[in-house]
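Next come the chains, spelled out residue by residue.
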Amino acid sequence: MTVEKQREVIRLWNELRKLEGPAAEELRIQILECFSQNGKAKRAA
């Protein structure tokens, strides 16, 4: 992931943190799971 993409993800994450409710919580969980899977794939390579 490029630095520019990382910054955009962080910006969006910070905006998402301002939201409340079950839909926002589900989005946060999905994002964290996605990054968790990416990290495992990089370590295995």
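The structure under discussion appears in the preceding block.
Because the structure is a prediction, the values reported are computed rather than measured. (Residues numbered from 1 in each chain as written. Predicted model: local features only at pLDDT ≥ 70, side-chain atom pairs only at ≥ 80, totals over all residues. Heavy atoms only, no water.)

Here we come to the overall build of the protein. Within the protein one finds 2 helices and 0 strands. A burial count over the protein gives 7% of its 45 residues as buried. Accessible surface computed for the protein: about 4,200 Å², of which carbon and sulfur atoms make up 58%. (Helix = DSSP H or I, 4+ residues; strand = E, 2+ residues; numbered from the N terminus. Buried < 20%, exposed > 50% of the residue type's maximum accessible area, 1.4 Å probe, protein only. Areas by Shrake-Rupley, 256 points an atom, 1.4 Å probe, with all protein chains shown as cover.)

Evaluation of the coordinates by the stated rule reveals 3 salt bridges. The partner of Glu 8 in a salt bridge is Arg 11, with the nearest N and O atoms 2.9 Å apart. You can see Glu 8 and its partner Arg 11 sitting in helix α1 (residues 3–17), 3 residues apart, about one turn around the helix. Arg 11 sits in the partly exposed class, given a relative accessible area of 43%. Between Glu 25 and Arg 28 there is a salt bridge, and its shortest N-O distance comes to 3.0 Å. A residue pair is termed a helical-turn pair when its members lie 3 or 4 positions apart in one helix, as Glu 25 and Arg 28 do in helix α2 (residues 22–44) at 3 residues. The exposure class assigned to Glu 25 is partly exposed, which follows from its relative accessible area of 38%. (Salt bridge = Lys/Arg side-chain N within 4 Å of Asp/Glu carboxyl O.)

On to the environment of Leu 19, then. Within the fold, Leu 19 resides in the loop between α1 and α2. Residue class for Leu 19 comes out partly exposed when judged on its relative accessible area of 47%. When neighbours within four sequence positions are excluded, Leu 19 is seen to be in contact with Ala 24 and Arg 28. (Contact = heavy atoms within 4.5 Å.)

So, to be careful, I would describe these as geometric facts and stop short of saying anything about function.
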